[in-house]
Amino acid sequence: DASLADVAGSAVASLLSSSERYRPCGAAVRDGFDEEHRAASLAWMIGAFEGLQFTDGVLFDASLLLDRYYASAPCRDAAGPAGGAAMRRRLLAAVCLALKVGLPEDTHLPVRQLVAHLASGQVSFDDVLAGELDVLERLRFCVGTPTAWDLLRTLGARALLECGRDCECLADFLLHLTLEDACLHYGYTHAVVAASCLLLSLNATSAPFGAYTVLFEDLGAVLADEALPVAQVLSCCSEVRSAWERSRCLEHQAGATAGYAERVRAKFTQATRGRVALAVELPEGPVAPEVF
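Computed from a predicted model, the values in this text were never measured in an experiment.

Notes on the packing of aromatic side chains
Alright, step 1. Across all of its chains, the model carries 5 aromatic pairs by this definition.
Alright, step 2. An angle of 75 degrees between the planes, with centres 5.5 Å apart, marks the rings of Tyr69 and Tyr70 as edge-to-face.
Alright, step 3. We classify Tyr69 as buried; its relative accessible area is 2%.
Alright, step 4. Overall, the relative accessible area of 4% leaves Tyr70 in the buried class.
Alright, step 5. Look at Phe209 and Tyr212: their rings are 5.9 Å apart centre to centre, the planes differ by 35 degrees, and that puts the pair in the tilted class. Pair noted here: Phe209 and Tyr212 are both in helix H13 (residues 209-223), with a separation of 3 residues, about one helical turn.
Alright, step 6. In this structure Phe209 comes out as exposed when scored by relative accessible area, which is 52%.
Alright, step 7. By relative accessible area, Tyr212 is classed as buried at 6%.
Alright, step 8. One aromatic cluster is present, built from ring pairs that chain together Phe33, Tyr69 and Tyr70.
Alright, step 9. When the ring centre of Tyr69 is taken as reference, the NZ or CZ atom of Arg138 above it lies at 4.2 Å.

Re the packing of helix H12 (residues 190-204) against helix H14 (residues 230-247)
Alright, step 1. It is at 9 Å that the axes of H12 and H14 come closest, and there the two elements cross at 65 degrees. Judged by the inter-axis angle, H12 sits roughly perpendicular to H14. Crossing of H12 over H14 shows right-handed handedness. The segment H12 lies against H14, with Val192, Val193, Ser196, Cys197, Leu199 and Leu200 engaging Gln232, Val233, Cys236, Cys237, Val240 and Arg241.
Alright, step 2. Each residue belonging to the contact of H12 with H14 can be placed in one class, and the counts come to 9 nonpolar, 2 polar and 1 charged.

Structural notes on unusual backbone geometry
Alright, step 1. With a phi close to 50 degrees, Ser120 is a non-glycine residue in the positive phi region.
Alright, step 2. Position of Ser120 among the secondary structure elements: in the loop between helix H7 (111-119) and helix H8 (125-138).
Alright, step 3. Residue classification places Ser120 among the exposed residues on the basis of a relative accessible area of 54%.
Alright, step 4. A positive phi is found at Phe141, a non-glycine position, where the angle reads about 65 degrees.
Alright, step 5. Within the secondary structure, Phe141 sits in the loop between H8 and helix H9 (148-159).

Concerning H13
Alright, step 1. Taking 1.5 Å per residue, 15 residues should reach 21 Å; H13 reaches 22 Å between its end C-alpha atoms and fits that length.
Alright, step 2. What H13 keeps buried is the set Ala211, Tyr212, Val214, Leu215, Phe216, Asp218, Leu219, Ala221, Val222 and Leu223.
Alright, step 3. Directly after H13, the chain includes Ala224, whose backbone phi takes a positive value near 60 degrees.

Description of the confidence of the model for the chain
Alright, step 1. Averaged over all residues, the pLDDT of the chain is 86; the fraction at 70 or higher stands at 85%.
Alright, step 2. In the model of the chain, helix H1 (residues 4-8) stands out as the element of lowest mean pLDDT, 54, in contrast to helix H11 (residues 182-185), which has the highest, 97.

A few points about the pattern of salt bridges
Alright, step 1. Enumeration over the complete set of coordinates arrives at 15 salt bridges.
Alright, step 2. Residue Lys267 is joined to Asp56 by a salt bridge in which the shortest nitrogen-to-oxygen separation is 2.8 Å. Of this pair, Lys267 sits in helix H15 (residues 255-267) while Asp56 sits in helix H5 (residues 56-72), placing them 211 residues apart in sequence. Exposure class is identical for Lys267 and Asp56. Each is buried.
Alright, step 3. Linking Arg158 and Asp218 is a salt bridge whose minimum nitrogen-to-oxygen distance equals 2.9 Å. Here Arg158 is found in helix H9, whereas its partner Asp218 is found in helix H13, with 60 residues between them in sequence. The residues Arg158 and Asp218 share a single accessibility class, namely buried.
Alright, step 4. Residues joined by salt bridges that share partners form a network here, namely Glu50, Asp56, Lys267 and Arg273.

What about the packing of H12 against H13?
Alright, step 1. At a minimum axis separation of 11 Å, H12 and H13 run at an interaxial angle of 175 degrees. By the angle between their directions, the pair H12 and H13 is classed as roughly antiparallel. Contacts between H12 and H13 involve Ala191, Ala195, Leu198, Leu199, Leu202 and Asn203 from the first element and Ala211, Tyr212, Leu215, Phe216, Leu219 and Val222 from the second.
Alright, step 2. Taken together, the residues that form the contact of H12 with H13 break down as 11 nonpolar, 1 polar and no charged.

Conventions we followed
- Counting restarts for each chain: residues are numbered from 1 in the order of the written sequence.
- Since the coordinates come from a predicted model, pLDDT governs what is reported: local features require at least 70, and pairs of side-chain atoms require 80 or more to be given and counted, while whole-chain, interface and lining totals use all residues.
- Hydrogens and water are ignored here; the side-chain numbers use all heavy atoms of the structure.
- Stacked, tilted and edge-to-face pairs are distinguished by plane angle, under 30 degrees for stacked and over 60 for edge-to-face with tilted covering the rest, among Phe, Tyr and Trp rings (Trp via its six-membered ring) whose centres lie within 6.5 Å.
- Note on exposure labels: buried denotes an accessible area under 20% of the residue type's maximum, exposed denotes more than 50%, and partly exposed covers the range between, all computed with a 1.4 Å probe on protein chains only.
- Helix and strand definitions follow DSSP, with helices as H or I runs of at least four residues and strands as E runs of at least two, each counted in order from the N terminus.
- The criterion is that NZ of a Lys, or CZ of an Arg, lies within 6 Å of the ring centre and within 35 degrees of the ring normal, and then a charge sits over that ring.
- Note on geometry: axes are lines fitted to C-alpha atoms, helical ones only across the stretch in contact, with angles between N-to-C directions running from 0 to 180 degrees.
- Here the angle decides the label: under 35 degrees means roughly parallel, over 145 means roughly antiparallel, 65 to 115 means roughly perpendicular, and every other value means oblique.
- Crossings are classed by handedness, with left-handed meaning an anticlockwise turn of the near helix from the far one by less than a right angle and right-handed meaning a clockwise turn.
- Whether two residues touch is decided by their heavy atoms; if any such pair falls within 4.5 Å, the residues are in contact.
- Charged residues are taken to be Asp, Glu, Lys and Arg, nonpolar residues to be Ala, Val, Leu, Ile, Met, Phe, Trp, Tyr, Cys and Pro, and polar residues to be all remaining types, Gly included.
- To estimate how far a helix should extend, the number of its residues minus one is multiplied by 1.5 Å.
- By definition, pLDDT measures how confident the predictor is in each residue, and it falls between 0 and 100.
- For this analysis, a salt bridge means a side-chain nitrogen from Lys or Arg found within 4 Å of a carboxyl oxygen belonging to Asp or Glu.

Have a look at this one:
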């Protein structure tokens, strides 16, 4: 039963290194990407991607591309319809790029047809390609970089082996909720965010203690020579739990932010997602430090 370090060695550590190199500053995302427009874009992607049965990886890839774009420099889109058209083109361009780097091999429809379907006649494919070039140039052609979802898959590969399906679905649900808050999602390393979602999920589903041991072994492998960031993980767990609590009180939220949380909850009330948005409760209080 080799550890992740034994199996993957330096390749796993390089995953974190690459994700850190391209992780945007949460405050820069917040300042460059209007909160309502960002939440509306995320909500639209959740709905559209579910209908087309895209993997969650496409959502996180497209979101990261958009956030990196807006964090890199302020966008001065014109007000009114022209500005809205520019944002739609940019959104579809990010989706197009995400599909090109992360579309499953068994998908039978070509990317052009998928993007045309998503555009619904509002943006031509040529305009999407022009937007794609704009995004690529802004990001210096560095796309397909690791996301928090990739780290969640890596850290959960062994830790979830002896856990029920609910545990995996709950970790996914919590990670989706972090996307709403750029300062939370990017305020910690992707490894810490992923580990925090997994830790809360293990705790909520009464996972065997061995799963915690494996999680921290593999987190150590990802971090290479760095010490386990216990304080950061506990702090992040607290923030993720707060995001979960907010998602349960949608009547106190307004606008696109509530729309995104509602879409995420709807997604994770489906039977294929273990209905974890309804069936699983996070225990009150912080995760006990002794699990480390």
